[in-house]
Structures are given as C-alpha cells and as structure tokens.
Amino acid sequence: MAGSRAKTPLGRRFRHGLRTYRAWISVFILAVGVLLTVLAVGYFTPLASAGPFPAINSVTNTTGANYNLVFVVVGPIVVIVGGYMVGAYYVARHKFEHLMVTKSKAEFVRNIPELETLLWDLTPDDEVRYEQKRAELRVRR
C-alpha cells in the first residue's frame, strides 16, 4: 500500500473542527450557561411557582440530589466563559476584517504581527484569506 495516504489523526481533525466552528461553539456555550442560570433563578426566586418552572423544578430537585444547587455555581461560570469566547471571536473578526481591507502594502506589512496574532482566534478559512492577501500584495515570508 505504498500509494495510499495516511489518515489524518483524530486529534488534528478534532482541533480543526473546533477552529472551523469556533463561533457556533462559543455561542452554544454561552446559551448553555444562560439556560443553567435561568434554571437556577427559576428555582431560588418567586418565579418557582410561575410558568414552566414547577415542572422543571420537580425534575431537577429529586430525592437525594438537588441539581439546582449545581446550576447556581456552574451557570454563571459558564456564562462568563461563553461570553468571553463570543466576545474574543467577534472582536478578532472585526479587527481582522478591518486590517484585510487595506490596499497599501506598507500598512499591511506593518500590521502582519497583529494579523498573525488574530488568526489564533479565527477559522482556517481566514488563514487562507490572509495567505491570499499576502500573495496579492507580494509580501514574502
């Protein structure tokens, strides 16, 4: 089997998938954190008797385990982490788009270190766009 290629390792495919879908993953983490926080608020406030909370609370507060206590601690932490991930992605996206519209080779070369730092927070497609812009402006490595 000299002609067959080696399969890409699972870890590399996983990391590539995480980078490709970074925006969706960060929004999902933020949404899970908000959901956990809402469930905690719905249990420990007067909202416990309104809306869908009585049915939800009967499931999350079982005999022997009260998961709402975990939601109180984990929910806000996950909201903070998800909010940071969403914010970091969209700030990096905004800066990257701003730096990529330049037509000046001198300005582009001056901003290469910042662009390469921003690429850590962006997707592989953005790396391809960056390399195309370098080729378009004829900037060597």
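Not measured: the values here are computed from a predicted model.

**So, the side chain of Asp 126**
Consideration 1: In this fold, Asp 126 is placed in helix α7 (residues 124-136).
Consideration 2: Every residue in contact with Asp 126, bar those within four places of it in the chain, is listed here: Arg 93, Phe 96 and Leu 119.

**Here we look at helix α3 (residues 53-60)**
Consideration 1: Every buried residue of α3 is accounted for by Phe 53, Asn 57 and Thr 60. Axial view of α3: buried residues confined to an arc of 70 degrees, hence all on one face. In this structure, α3 carries Ala 55 and Val 59 as exposed residues pointing more than 90 degrees from its buried face.
Consideration 2: On the buried face of α3, the contacting elements are α2 (22-44), β1 (61-62), β2 (65-66) and α4 (67-100).

**Section: the environment of Phe 71**
Consideration 1: In this structure, Phe 71 sits in helix α4.
Consideration 2: With 70 residues separating them in the primary sequence, Phe 71 and Arg 141 have C-alpha atoms 49 Å apart.
Consideration 3: The residues touching Phe 71, leaving out its near neighbours within four places in the chain, are Leu 36, Leu 39, Ala 40, Thr 60 and Pro 76.

**Quick word on the environment of Ala 48**
Consideration 1: Mapped onto the secondary structure, Ala 48 falls in the loop between α2 and α3.
Consideration 2: Judged by its relative accessible area of 25%, Ala 48 falls in the partly exposed class.
Consideration 3: Residues Ala 48 and Phe 71 lie 23 residues apart in sequence; the distance between their C-alpha atoms is 15 Å.

**Let's talk about the pattern of salt bridges**
Consideration 1: If you walk through the whole model with that rule in mind, you get six salt bridges.
Consideration 2: In this structure, Glu 127 engages Arg 19 in a salt bridge whose closest nitrogen and oxygen atoms are separated by 2.7 Å. Here Glu 127 is found in helix α7, whereas its partner Arg 19 is found in helix α1 (residues 10-20), with 108 residues between them in sequence.
Consideration 3: For Glu 97, the salt bridge goes to Arg 129, with nearest N and O atoms at 2.8 Å. One end of the pair, Glu 97, is in helix α4; the other, Arg 129, is in helix α7, with 32 residues separating them in the sequence.
Consideration 4: A relative accessible area of 29% places Glu 97 in the partly exposed class.
Consideration 5: A relative accessible area of 30% places Arg 129 in the partly exposed class.
Consideration 6: Salt bridges linked by common partners bring Arg 93, Glu 97, Asp 126 and Arg 129 together as one network.

**What to know about unusual backbone geometry**
Consideration 1: For Arg 138, which is not glycine, the phi dihedral falls at a positive 60 degrees.
Consideration 2: For Arg 138, the location among the structural elements is in the segment after α7.
Consideration 3: Arg 138 gets classed as exposed once you look at its relative accessible area, which sits at 69%.

Each value, and the rule that gives it
Residues numbered from 1 in each chain as written. Predicted model: local features only at pLDDT ≥ 70, side-chain atom pairs only at ≥ 80, totals over all residues. Heavy atoms only, no water. Helix = DSSP H or I, 4+ residues; strand = E, 2+ residues; numbered from the N terminus. Contact = heavy atoms within 4.5 Å. Buried < 20%, exposed > 50% of the residue type's maximum accessible area, 1.4 Å probe, protein only. Arc of directions from axis to C-beta. Salt bridge = Lys/Arg side-chain N within 4 Å of Asp/Glu carboxyl O.

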